Amino acid sequence: MRATVHAWTEDEGAAQARQTFAGTFIGEPDGVWSAPGRVNLIGEHTDYNGGLCLPIALPHRTYVALRRTDDGAARLVSEREPGVWSAELDAVAPGAVQGWGAYPVGVAWALEQAGHRVGGFDAAVASCVPYGSGLSSSAALECAFAVAFADAPGWTGPDAGTDSGRVELVDASIRAENEIAGANTGGMDQAASLRAREGHALLLDCRDGSVRHIPFDLTEAGLELLVIDTKAEHSLVDGQYAQRRATCEAAAETLEVPTLREISPDRLDGALAALPDEESRKRVRHVVTEIERVQQFVALLDAGRVHEVGHLMDASHASLAEDYEVSCAELDVAVTAARSAGALGARMTGGGFGGSAIALIEAGTGEAVSATVEQAFADAGFGAPAFLTATAAGPAH
Ligand code: ADP
Ligand code: MG
């Protein structure tokens, strides 16, 4: 049986979260909030370089049933984790909390740091976003809590009904992940989860945080976006991410620009010549050409020419594999097999070293493409991948 990861309906998700709540806590939650995972169409490893990226929110969401307690403590349960995770909110600080609860209490901490108040809560989490598959279950978790905190009556918080309020929630979620959970994130995931719009891709400019919503309706074009979760987990991922980021920052310093975003494609050759080593030249070449590919991808979408974006996806993958060196055997096999089965284009998505790939395919060919990818994985001796179909869904609410 092929593993297909179906998205819950909002009713199913809310019921799951309420059921999990009832299994641990006495009484009712105040409500249920949810936030989506995301998949990035193009623009990888550009967010922390002040660049452009183009994610969509997935129909796969994380649901949180939450009750305000105002006793200064957080008690959390997740159907995916054993036991009850608890902490005193006063004790939350960088380096002070361990485990999955660090993401939610990190958001509470970051909102408090920004002058808001989160008083204490009981919460139950249920999710159909795959874990650690590069589809951002971590941001879905943070952002579901972020909107829950913002909406809770009696607490002061940013207004989740406005984009500027959502920008504040994005910032709090990023700080939670970077500073409290101790994981690296450049900010694309949280922006996608909180600011995406149904039926649209989110063009995010990470230099100033501005967004543009680009209509993205594949059904109309007779296409589908297939996500292939390779299930590959490689160690050293965090270290590799930190290294790439440090190399980019050092290169920007050498080139005397605030971020690599300032290097336009026509200045690339000059910039490369000014860098001291081949490794930084490769990293910079990826970032600069990838930002340019996002522009080209968006121009094609604006022109109603989504059928023509495949070569940009292929070029993005090649650049990530050869210049940025963040692909892996499983991701390479996934994209090669998908293309051989007729995909218009395919690339790894997310940080790399495992996680997921995406393939743009003709509607109705999902079965055939999935079968080809599955066979290629078996031939290569890899474990079976999982599949899901991505459509541009709505943001946290
Ligand atoms: P990704 O964001 O690509 O799925 P990460 O490693 O960034 O992978 O985040 C996964 C981590 O986020 C998990 O190990 C867990 O700590 C936390 N997490 C995500 N979703 C949930 C959930 N539903 N319940 C509990 N923890 C979760
Ligand atoms: Mg994550």
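Quantities reported herein were computed from a predicted structural model and do not represent experimental measurements.

How each quantity is defined
- Residues numbered from 1 in each chain as written.
- Chains lettered and ligands numbered in written order.
- Predicted model: local features only at pLDDT ≥ 70, side-chain atom pairs only at ≥ 80, totals over all residues.
- Heavy atoms only, no water.
- Helix = DSSP H or I, 4+ residues; strand = E, 2+ residues; numbered from the N terminus.
- Buried < 20%, exposed > 50% of the residue type's maximum accessible area, 1.4 Å probe, protein only.
- Polar contact = N/O pair within 3.5 Å; in protein donor to acceptor, adjacent residues only side chain to side chain.
- Contact = heavy atoms within 4.5 Å.
- Pairing = 2+ DSSP bridges.
- Axes fitted to C-alpha atoms, helices over the stretch in contact; angles between N-to-C directions.
- Near = heavy atom within 4 Å.
- Areas by Shrake-Rupley, 256 points an atom, 1.4 Å probe, with all protein chains shown as cover.
- Nonpolar A, V, L, I, M, F, W, Y, C, P; charged D, E, K, R; others polar.
- UniProt positions renumbered as here; feature names shortened; annotations may be inferred.
- Phe/Tyr/Trp six-rings, centres within 6.5 Å; stacked < 30°, edge-to-face > 60°.

### What to know about the side chain of D122
- Checked against the element boundaries, D122 lands in strand β7 (residues 121-127).
- Look at D122 and you get buried, because its relative accessible area is 5%.
- For D122, the side chain forms a polar contact with the side chain of R75, separated by 2.8 Å.
- Setting aside anything within four residues of it in sequence, one finds D122 in contact with F21, F25, A65, L66, R67, T69 and R75.

### Concerning the sheet that holds strand β9 (residues 210-215)
- The antiparallel open sheet is built from three strands, whose spatial order is β3-β8-β9. Two strands bound the open sheet, and with one partner strand each, they are β3 (52-53) and β9.
- Relative to β9, strand β8 (residues 200-205) is paired through six bridges, and the arrangement is antiparallel. Paired with L202 across the strands is H213, a residue of β9.
- Strands in contact with helix α5 (residues 188-195) are β3, β8 and β9; relative to β8, the strand with the most contacts, it is inclined by about 135°.
- Contacts from helix α9 (residues 278-302) reach β3, β8 and β9, with the element oriented near 40° to β9.

### Section: the site of ligand 1
- With respect to spatial proximity, 17 residues lie near ligand 1, and among them S78, Y131, G132, S137 and S138 are the closest.
- A distance of 2.8 Å is found between a nitrogen atom of ligand 1 and a side-chain nitrogen or oxygen belonging to Y131.
- Between ligand 1 and G132 there is a distance of 2.8 Å, counted from an oxygen atom to a backbone nitrogen or oxygen.
- Burial of ligand 1 by the protein chains amounts to 79% of its free accessible area of 570 Å².
- Looking at the shell around ligand 1, the elements that each hand over two or more residues are β7 and α3 (137-151).
- Counting residues per element, the shell around ligand 1 draws most heavily on α3, at three residues.
- Split by residue class, the shell around ligand 1 holds seven nonpolar, eight polar and two charged.

### Side note on the UniProt feature "domain: Galactokinase N-terminal" (unreviewed entry) in the chain
- Within the UniProt annotation, "domain: Galactokinase N-terminal" (unreviewed entry) is assigned to residues 20-68.
- In this annotation, residues 20-68 is assigned 10% helix and 53% strand; the end-to-end C-alpha distance for the span is 16 Å.

### Focus: the packing of aromatic side chains
- Counted under the stated rule, the structure contains eight aromatic pairs.
- Ring centres of W8 and Y63 lie 6.1 Å apart, and the angle between their planes is 35°; this geometry places the pair in the tilted category. Here W8 is found in the loop between β1 (3-4) and α1 (10-24), whereas its partner Y63 is found in strand β4 (residues 55-68), with 55 residues between them in sequence.
- Relative to F149, the ring of F145 lies with its centre 5.8 Å away and its plane at 50°, an arrangement referred to as tilted. Of this pair, F145 and F149 are both found in helix α3, four residues apart, which corresponds to roughly one turn of the helix.
- Under the relative-accessibility criterion, F145 is labelled buried at 0%.
- What makes F149 buried here is its relative accessible area of 1%.

### Here's the deal with the environment of F121
- Assignment of secondary structure puts F121 in strand β7.
- Residue class for F121 comes out buried when judged on its relative accessible area of 0%.
- For the pair formed by F121 and V105, sequence separation is 16 residues and the distance between their alpha carbons is 9.9 Å.

### Let's talk about the sheet that holds strand β13 (residues 386-390)
- As summarised here, the arrangement of the five strands in space is β1-β13-β10-β12-β11, forming an open sheet in which the pairing is mixed. The strands lining the two open edges of the sheet, one partner per strand, are β1 and β11 (345-349).
- As paired strands, β11 and strand β12 (residues 354-362) are joined by five bridges and run antiparallel to one another. Opposite T349, over in β12, you have S356 as the bridge partner.
- Those strands touched by helix α10 (residues 310-322) are β11 and β12, and its axis lies near 40° from that of β11.
- Strands β10 (223-233), β11 and β12 of the sheet are contacted by helix α11 (residues 329-340), whose axis makes an angle of about 10° with β12.

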